[in-house]
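# Geometric and topological summary
Residues per chain are reported as follows:
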Amino acid sequence: MPFTGGAHAYFISDGTVYSIYRCILLKNEIISRNLFQRPLDCVILLLSAGHFCGGIFKNHELVTNKSFHRYVIRAKQGTTQSASDARGSAAKSAGASEEKDLGQQEIMVNLLSKVDAQALYSCIRLNSISKLHQLFESNKERKEDFLKYIREMRFPPASSTFLHIVARRGTVEILEELLLLGCDPAVKDDEGKVPYQVAQNRTVRQAFSKFRFQHPDAFNWNVSQIPELAVMSEEQLRKEVEKKRIQREKKKERLKAKKIAEHQERIEQEQRQKYLALSDREKRALAAERRLAASLQRRCQIVENDGSRCFKCATVLPVTHFEYCDNHFCSLACLQQHRQEHSPQLV
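Residues numbered from 1 in each chain as written. Predicted model: local features only at pLDDT ≥ 70, side-chain atom pairs only at ≥ 80, totals over all residues. Heavy atoms only, no water.

### Section: the side chain of arginine 309
Checked against the element boundaries, arginine 309 lands in the loop between α11 (280-295) and β7 (322-324). There is a polar contact of 2.9 Å between the side chain of arginine 309 and the backbone oxygen of alanine 314. (Helix = DSSP H or I, 4+ residues; strand = E, 2+ residues; numbered from the N terminus. Polar contact = N/O pair within 3.5 Å; in protein donor to acceptor, adjacent residues only side chain to side chain.)

The following block contains the structure:
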């Protein structure tokens, strides 16, 4: 009779106690001789004290396996890792890396007072280089602390540097000043992006490239992903100027055509409103006047094109249009609507 306990299921056969992992059993499966006759496809994972291993089995054959060791920080048990970190060794776990980052951030936060940090951030946010220099002048003995704060401080939620923030805001002047103060453009945020990748517009990206051109040895420009500044020849500059001139002229022409179209549309709307305000008798009279004016080579001056408009919607009549009882319509739909609203009248 099998019985279970923990992760194992136990059974007795020929006076010997055997155990099998319960996860190998199918749902509601009973241990019997048939169990060992079917394929036992499974994955077995083992872990203990930072040692991890796993294997994939197809029936009785091992398909693949993997084992590794990772240190995991626990409360009050980081002595070994701390000693390793003190020797300059790389952290072996995400927990150790996070502990390092948190410790560094705590140091940076305590580097400046809250008032000084707010004043510094205000200068950068307002794109005020003069106020930033005044802040340095008033704190000469602590200038190095300010510079360290500017270069290494990170801000949530993406662990952004001052360069990331300024690049997103698109403030070029303070961006160049931060680069001069030593802010590294190759530092990435938690999303793996350098400041150049989060630049708001083309002007900011050009400022990065210009600084690289002026200071080729200042930073690791390849890691920063900032491209070299393209230097154009006189011929290229002349073509660029001509191209921009043509673009400006085309833009002016488009604006002029747009204004003309809008003016014509306003005139057309006014004419339609005037025509719709007339009664059917007046519309027929205008149509008669138009025919008379055409025969006498003159034009009726009451409303422009009023004698050749649809009696219902006031649009200009096409060459082929509909007519009944001297009423003129642009479409059959307008004619039918007019007949439903007015009984036919003979002139």
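Right, picking up where we left off after that structure.
### A short note on the nonpolar core
In terms of nonpolar packing, the biggest core is built from 38 residues, with Leu120, Tyr149, Ile150, Phe162, Leu178 and Phe208 touching the most fellow members. Elements with a contribution of two residues or more to this core: α3 (114-125), α4 (129-138), α5 (143-152), α6 (162-169), α7 (172-180) and α8 (202-214). Counting ten residues, the second largest nonpolar core, distinct from the first, contains Tyr275, Phe311, Cys313 and Tyr324. (Core = buried A, V, L, I, M, F, W, Y, C linked by side-chain atoms within 4.5 Å. Buried < 20%, exposed > 50% of the residue type's maximum accessible area, 1.4 Å probe, protein only.)

### Overview of the packing of aromatic side chains
This model, assessed by the stated rule, comprises twelve aromatic pairs. Centre to centre, the rings of tyrosine 121 and phenylalanine 162 are 6.2 Å apart; their planes meet at 40°, and the pair counts as tilted. Placement of tyrosine 121 in helix α3 and of phenylalanine 162 in helix α6 is noted, with a sequence separation of 41 residues between them. For tyrosine 121, a relative accessible area of 32% gives the class partly exposed. (Phe/Tyr/Trp six-rings, centres within 6.5 Å; stacked < 30°, edge-to-face > 60°.)

### Focus: the side chain of histidine 164
For histidine 164, the location among the structural elements is in helix α6. For histidine 164, a relative accessible area of 0% translates into the label buried. Residues contacting histidine 164, with those up to four places away along its chain left out, are Val187, Lys188, Asp189, Lys193, Val194, Pro195 and Val198. (Contact = heavy atoms within 4.5 Å.)

### Thoughts on the environment of arginine 142
Looking at where arginine 142 falls in the secondary structure, it is placed in the loop between α4 and α5. The exposure class assigned to arginine 142 is partly exposed, which follows from its relative accessible area of 22%. Residues arginine 142 and leucine 112, spaced 30 residues apart in sequence, show a C-alpha to C-alpha distance of 9.1 Å. Setting aside anything within four residues of it in sequence, one finds arginine 142 in contact with Leu111, Leu112, Ser113 and Asp116.

### Some thoughts on the confidence of the model for the protein
For the protein, the average pLDDT comes to 78, and 78% of its residues sit at 70 or higher. The secondary-structure element of the protein with the lowest mean pLDDT is helix α1 (residues 79-86), recorded at 51, while α7 shows the highest, at 91. Across residues 88-92 the pLDDT falls below 50, and counting only partners more than four positions away or on other chains, this stretch makes ten contacts in the model. In the model, residues 298-303 has pLDDT below 50 throughout and makes eleven contacts with residues more than four positions away in sequence or in other chains. (pLDDT = per-residue confidence, 0-100.)

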